Amino acid sequence: MFTLPELPYTKTALEPFLSQETLTYHHDKHFNAYVEKLNSLIAGTEYEKLPLAEIIRKSAAEGSKGIFNNAGQVYNHDFYFKCFGRQADDTCPLKHAKLKELIEASFAGSDDFRTKATDAAVGNFGSGWTWLVEENGKIEILNYSNADNPLRDRPNAVPLLCIDVWEHAYYIDYRNDRKKYVTELLANVNWAFVASQLG
Ligand code: MN
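Just so you know, these numbers come straight off a predicted model, no measurement behind them.

Cut-off values and rules
Residues numbered from 1 in each chain as written. Predicted model: local features only at pLDDT ≥ 70, side-chain atom pairs only at ≥ 80, totals over all residues. Heavy atoms only, no water. Helix = DSSP H or I, 4+ residues; strand = E, 2+ residues; numbered from the N terminus. Buried < 20%, exposed > 50% of the residue type's maximum accessible area, 1.4 Å probe, protein only. Contact = heavy atoms within 4.5 Å. Domains from an automatic or database assignment. Buried area = accessible area lost by both parts, 1.4 Å probe. Salt bridge = Lys/Arg side-chain N within 4 Å of Asp/Glu carboxyl O. Nonpolar A, V, L, I, M, F, W, Y, C, P; charged D, E, K, R; others polar. Donors = N, O, S within 2.8 Å, 3.2 Å for Na, K, Ca; no water. Axes fitted to C-alpha atoms, helices over the stretch in contact; angles between N-to-C directions. Parallel < 35°, antiparallel > 145°, perpendicular 65-115°, else oblique. Left-handed = near helix turned anticlockwise from the far one by under 90°.

1. Brief notes about the side chain of Thr 118
Mapping Thr 118 onto the fold places it in helix H5 (residues 110–122). Exposure remark for Thr 118: the relative accessible area of 9% places this residue in the buried category. If we ignore the near neighbours within four places in the chain, the residues touching Thr 118 are Lys 179, Val 182, Thr 183 and Leu 186.

2. What about the domain arrangement of the chain?
By domain assignment, the chain separates into domain 1 (20–82) and domain 2 (93–196). Centre-to-centre separation of domain 1 and domain 2, based on C-alpha positions: 20 Å. Across the interface of domain 1 and domain 2, roughly 1,900 Å² is buried in total on both sides, 65% from carbon and sulfur atoms. For domain 1, the biggest contributors to the area lost against domain 2 are Thr 22, Phe 79 and Tyr 80; these three give 31% of the whole. Across the contact surface, domain 1 and domain 2 share zero salt bridges. When residues of the side of domain 1 that touches domain 2 are traced back to their parent elements, those giving at least two are helix H1 (20–42), helix H2 (52–62) and helix H3 (65–82). If you tally residues by element for the side of domain 1 that touches domain 2, the top one is H3, at ten residues. Tallied by class, the residues present in the side of domain 1 that touches domain 2 amount to nine nonpolar, eight polar and three charged.

3. Notes on the coordination of the manganese ion
For a metal with four donors in a tetrahedral arrangement, the ideal angle between donors is 109.5 degrees, while six donors in an octahedron ideally sit at 90 or 180 degrees. Those protein atoms acting as donors to the manganese ion are His 26 (NE2), His 77 (NE2), Asp 164 (OD) and His 168 (NE2), and they sit at 1.9 to 2.1 Å. Linear spacing of the donor residues for the manganese ion on their chain is H-x50-H-x86-D-x3-H. Each member of the pair, Asp 164 together with His 168, is buried.

4. Some words on the packing of H5 against helix H8 (residues 178–186)
The N-to-C vectors of H5 and H8 enclose an angle of 140°; their axes lie 9 Å apart at closest approach. When the axes of H5 and H8 are compared, the pair comes out oblique. Remark: the crossing between H5 and H8 carries right-handed chirality. On the side of H5, the interface is formed by Arg 114, Ala 117, Thr 118, Ala 121 and Val 122, while H8 contributes Arg 178, Lys 179, Val 182, Thr 183 and Leu 186. Classifying every residue of the contact of H5 with H8 by side-chain character gives five nonpolar, two polar and three charged.

Here is the structure:
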């Protein structure tokens, strides 16, 4: 059985770019609903004792869409909330040596990186997730729909950062302005967390 992870910061910690109201709905209502639904779907099945990543891969391979969707949303939301709540001086990924090396190997600098990540998230049609992953010394920006994520199709990639582009992630604070939401999100990334994913 899975439990709803606590947010790694208070519900007002991300204001003004994400309000207490957004975090209350997004974490306590939406994220919690995915946890509860996943638990109800796997109870008494062969999935029950598996780690989350294995549930995602097994349900994808077996076409168990309900389990896949809810397991994917649990993984995605847990990762998403950890990506923010940065330290005040942690404003640039280039401050972290490994990220600097990867960004410079993959993009024409950090502005190009931000622009491409923003454009991908804004252009991700419908509800879904934009992921940044590292593989073979390069950062890639990947768009996924619904609950999908790189655990399913990129087993050798290291997940670094995800952006929730479901409307429930931003509609209270930004209405339909997904670009402003994504821009603010990328200005408030916990780059120390992202860098820590590289080991
Ligand atoms: Mn969400």
